[in-house]
Amino acid sequence: MLSMKPYISVLLSLALLLGICCPAPAQAESVKDSLNVGMISTKTTRLLPLLPEERDIISLYSLVYESLLVVGDNGLPEPYLAKDFKFTGGGNSIKIELRDNLVFSDGRRLTAYDVAASGNYILQRANNEENLDKGHYRLMAYNIKSFAATSETELVVTTARPYFMSLYSLIFPVLPQDRLDSENPPGSGPYVVDKFEPGSSMWLKVNEQWWKQKPQVKSIFVNFYQNSKKMVSDFEYGRLDTVITRSLAAAQYKSGVGVLSMPYRTNQLETLLINNNEYRLKDVEARKAIMKAIDVNLIMNRVFIGRVSRACTPFPSSSVLNADLDEYYQYNLEEARSLLASLGWEDTDEDGVLDKIDENGKLARFVLRLLVYEDPENDVRYETANRIRNMLEKLKISVRIELKDIAKVQEDLVSQSFDLALVAFQLDEAFDPGFLLISTNAKLGNYGRYKSSDMDILMSAYRTEYDLSEIAYTAQLIQQRFTEDMPFIPLFYRAGSILTRKVFTNVRDIRENEVFRGIESFVDIQ
């Protein structure tokens, strides 16, 4: 195995310089002082920023409430409400100093006591076994033990272990300590919620107490919809300036005269899981052959209309921890055939399906079951299954697609009643692929029963590194081990769409949970 450590400093340096560039404005006009937005919301009846129920609502909360740290264009945590932060005690704690000019929208000063109360509220809910709903920020409990303010501007965060990814757990809404479970509490962000009608609308106005320069956009009116079809229709008829959607119907709109189509990236990883214990798939060469025979780029462009980003390993390509292994994952049908031939698979009876004598002396045919569940918004996952079936037929592998509801697929995954399965995972911003790779996580994500003592050791090391260069080095080794073992096939990360007639941001990297990122600092220079 080649040493990758000498290249880590170069990797990190490049990551600080490069970002994901937004498309050119394409003649859409610059926003003035207001924006009329369409968004899906079917569950939110109360404004409780520490207990959000929908992804898109979190994007609205991010305009009203702020966090200690934010994720920058390079994907790394940066100070925000925090003036400075650093690991102390060998990574067992994080010392944080707040800015001294922070205030809530009601005029009260934001202090370290408010931060500690907000963080401990999340932890208490996550750690309470009686709570069926442990909250959106429940994963904080895996990384953080407690928050303690030592003065109005200083606090100490005790970590569960030395771990760089603990910093991402510090991205949560900070509320006044006496309003933690109140509806529509004051925030410190650029906007305040002036009016809210569940399932209908929300009106955001500028926070006159904001500690930074007041936004140019003084008013954001949000219309809530039950489905994307009606919302996109209203956009077409000019009733909306902007729509936020994951529907692929919106992805068909291209940037053109008067309309800008911008993708925003999500943490939803689409995968093709592989049963590593299945006789036909237990050899790594067989799993690699399947990977080589699937033209992922064709699926990305034809099925998902480009609203995805390629994933070669579980690490997102946008992450500074991602290893550049794209060349290895290229479509190569001849190499796939050669790999299967090296295992003794051939079509001896010329019936169009590979076969060979198995370990019990019986004739085994290369026939696989592919599990897939319905997508509530699009049938793209089922269409992807059909594309994969057709591609594997070129290898003379017969695939039988089994379409089931998501609950039944979950049961089959846990009981390992599958050969292949198209499954999506919603990952956390604090990226940790251990639930997919560690041997003991068979019922938590490692459904293919992948077992590797080397990977287990690497993941253990990854989860105890708090130095960025060290965790980046370990991440490279994890991805190299993944490529050598091919436990499953990452396909791509899904993307959403922002359709707008008014340009409201210049940021390079738009992400789910903060799709309005940059609107607070946008300036019309025309």
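Values in this document were obtained by computation on a predicted structure and should not be read as measured data.

The rules we used
- Residues numbered from 1 in each chain as written.
- Predicted model: local features only at pLDDT ≥ 70, side-chain atom pairs only at ≥ 80, totals over all residues.
- Heavy atoms only, no water.
- pLDDT = per-residue confidence, 0-100.
- Contact = heavy atoms within 4.5 Å.
- Buried < 20%, exposed > 50% of the residue type's maximum accessible area, 1.4 Å probe, protein only.
- Helix = DSSP H or I, 4+ residues; strand = E, 2+ residues; numbered from the N terminus.
- Arc of directions from axis to C-beta.
- Salt bridge = Lys/Arg side-chain N within 4 Å of Asp/Glu carboxyl O.
- Phe/Tyr/Trp six-rings, centres within 6.5 Å; stacked < 30°, edge-to-face > 60°.
- Lys NZ or Arg CZ within 6 Å of the ring centre and 35° of its normal.

Okay, the confidence of the model for the chain next. Scored by pLDDT, the chain comes out at a mean of 90, with 93% of its residues at no less than 70. In this model, residues 1–26 is a region of pLDDT below 50 whose contacts with residues beyond four sequence positions or in other chains number 51 contacts.

Another aspect to go through is helix α13 (residues 453–462). Every buried residue of α13 is listed here: Met455, Leu458, Met459 and Tyr462. Looking straight down α13, one finds that the buried residues subtend no more than 100° of arc, so they occupy a single side. Exposed residues lying more than 90 degrees from the buried face of α13 are Ser453 and Ile457. Where α13 is buried, its residues meet α12 (434–437) and α14 (468–485).

Applying the stated criterion across every chain yields a total of 33 salt bridges. Residue Glu334 pairs with Arg337 through a salt bridge whose shortest N-O separation is 2.6 Å. One end of the pair is Glu334 and the other is Arg337, both in helix α9 (residues 333–342) and 3 residues apart, which spans about a single turn. Among the residues examined, Glu334 registers a relative accessible area of 52% and is labelled exposed. On the basis of relative accessibility, which here comes to 36%, the residue Arg337 falls in the partly exposed class. Close ionic contact of Asp347 with Lys396 constitutes a salt bridge, the shortest N to O distance being 3.4 Å. With Asp347 in the loop between α9 and β15 (355–357) and Lys396 in the loop between α10 (380–393) and β18 (398–404), the pair connects residues that are 49 residues apart, well separated along the chain.

Evaluated as defined, the whole model comprises 17 aromatic pairs. Ring centres of Tyr163 and Tyr462 lie 6.2 Å apart, and the angle between their planes is 70°; this geometry places the pair in the edge-to-face category. Of this pair, Tyr163 sits in the loop between β8 (154–159) and β9 (191–197) while Tyr462 sits in helix α13, and the two are 299 residues apart along the sequence. For the pair shown, Tyr163 and Tyr462 are each scored as buried. Relative to Phe224, the ring of Phe196 lies with its centre 6.3 Å away and its plane at 75°, an arrangement referred to as edge-to-face. Of this pair, Phe196 sits in strand β9 while Phe224 sits in strand β11 (residues 219–225), and the two are 28 residues apart along the sequence. Ring pairing ties together the aromatic residues Tyr163, Phe315, Phe431 and Tyr462, which thus form one cluster. If you follow Lys292 out to its NZ or CZ, it ends over the ring of Tyr328, 4.8 Å from the centre. The side chain of Arg501 reaches across the aromatic face of Phe235, ending 4.0 Å from its centre.

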